[in-house]
Amino acid sequence: MNKVKKVLMTMFGLLMFPLLFACSNTQSQGVEAIKAKGKLVVALNPEFAPFEYQKLVDGKNQIVGSDVELAKAIAKELGVEVEFSPMSFDNVLASLDSGKADLAISGISKTEERSQVYDFSIPYYTSKNKVIVRKSELTNYQSVKDLAQKKVGAQKGSIQETLAKETLQDSSLVSLPKNGNLITDLKSGQLDAVIFEEPVAKGFVENNPDLAIAEFDFDNDKEDSYAVAMKKDSKELKDAVDKTIQKLKDSGELDKLIDDAFKASIEK
């Protein structure tokens, strides 16, 4: 009988282990777990000025931008330090699944599809998409139709990549992980145009006088709302994030953070 009990207990333990592991993994993303470790880990792609980008500050390369300041404000609300985890944009949301990050703040558009997999905060910024071309060829681009048979670039895993796939079937889409590489290829003639969010497009044009923004909009373009992403069923964490964003909105500080970050991103 003792042997039977031991076998049953072993089998029960094996069955329960995955459940315990799953519970532990889910709990690690909660507010109490974040407070226990004393830091908020934030995933981002520092290729997205003015929201997050790399800049020399006092001789040191640092990640700066309005999303960085937003993350610091959220960490302060939680009473912890903040740790930034830079990575390619197409890995930012995946870092939430793996538990490598508590939040993803990287100019992430809140979409219906993404909302089925992740929790999102209230929006903190709304933008539209724009097309950058070489300034010498600006008059050639008066409408979306002028992008037909052209090589159009977009960041891999971005809303702009999806927009290009849905809207520019007659164009050749080139998806790259880094925005900087898209700009380099545009300037060298390997691309004819690149799609960016409006503030990002303006930043690149300010720093590259040989580029310009085409003055047309996409017919099916919707306002692009950025939000903070987190693992599904993170109600307590979402409440804390929403509270911080709303405070910054109500005080006008959020608009100032974005405006200051834009000005800093175009400084020579």
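Residues numbered from 1 in each chain as written. Predicted model: local features only at pLDDT ≥ 70, side-chain atom pairs only at ≥ 80, totals over all residues. Heavy atoms only, no water.

Looking at an unreviewed UniProt entry, the protein chain carries the name Amino acid ABC transporter ATP-binding protein, with the source organism given as Streptococcus oralis subsp. oralis.

Q: Quick question: what am I supposed to make of the packing of helix α3 (residues 66–78) against helix α10 (residues 235–251) here?
A: Contact pair α3 / α10: the axes reach a minimum separation of 9 Å and the direction vectors enclose 120°. Judged by the inter-axis angle, α3 sits oblique to α10. The two elements α3 and α10 meet at a crossing, and its hand is right-handed. In contact with L70, A73, I74, E77 and L78 of α3, α10 contributes L237, A240, V241, K243, T244, I245, K247 and L248. Within the contact of α3 with α10, the residues separate by chemical class into nine nonpolar, one polar and three charged. (Axes fitted to C-alpha atoms, helices over the stretch in contact; angles between N-to-C directions. Helix = DSSP H or I, 4+ residues; strand = E, 2+ residues; numbered from the N terminus. Parallel < 35°, antiparallel > 145°, perpendicular 65-115°, else oblique. Left-handed = near helix turned anticlockwise from the far one by under 90°. Contact = heavy atoms within 4.5 Å. Nonpolar A, V, L, I, M, F, W, Y, C, P; charged D, E, K, R; others polar.)

Q: Please clarify how the pattern of salt bridges should be interpreted in this entry.
A: One pass over the structure, following the stated rule, counts 15 salt bridges. K39 is the partner of E83 in a salt bridge, and the nearest nitrogen-oxygen pair spans 2.8 Å. Placement of the pair is E83 in strand β5 (residues 81–86) and K39 in strand β1 (residues 39–44), with a sequence separation of 44 residues. Accessibility expressed as a relative area gives 34% for E83, which makes it partly exposed. By relative accessible area, K39 is classed as partly exposed at 30%. A salt bridge links K238 to D242; the shortest N-O distance between them is 2.8 Å. One end of the pair is K238 and the other is D242, both in helix α10 and four residues apart, which spans about a single turn. With a relative accessible area of 24%, K238 lands in the partly exposed category. One network of salt bridges, in which partners are shared, links E77, K243 and K247. (Salt bridge = Lys/Arg side-chain N within 4 Å of Asp/Glu carboxyl O. Buried < 20%, exposed > 50% of the residue type's maximum accessible area, 1.4 Å probe, protein only.)

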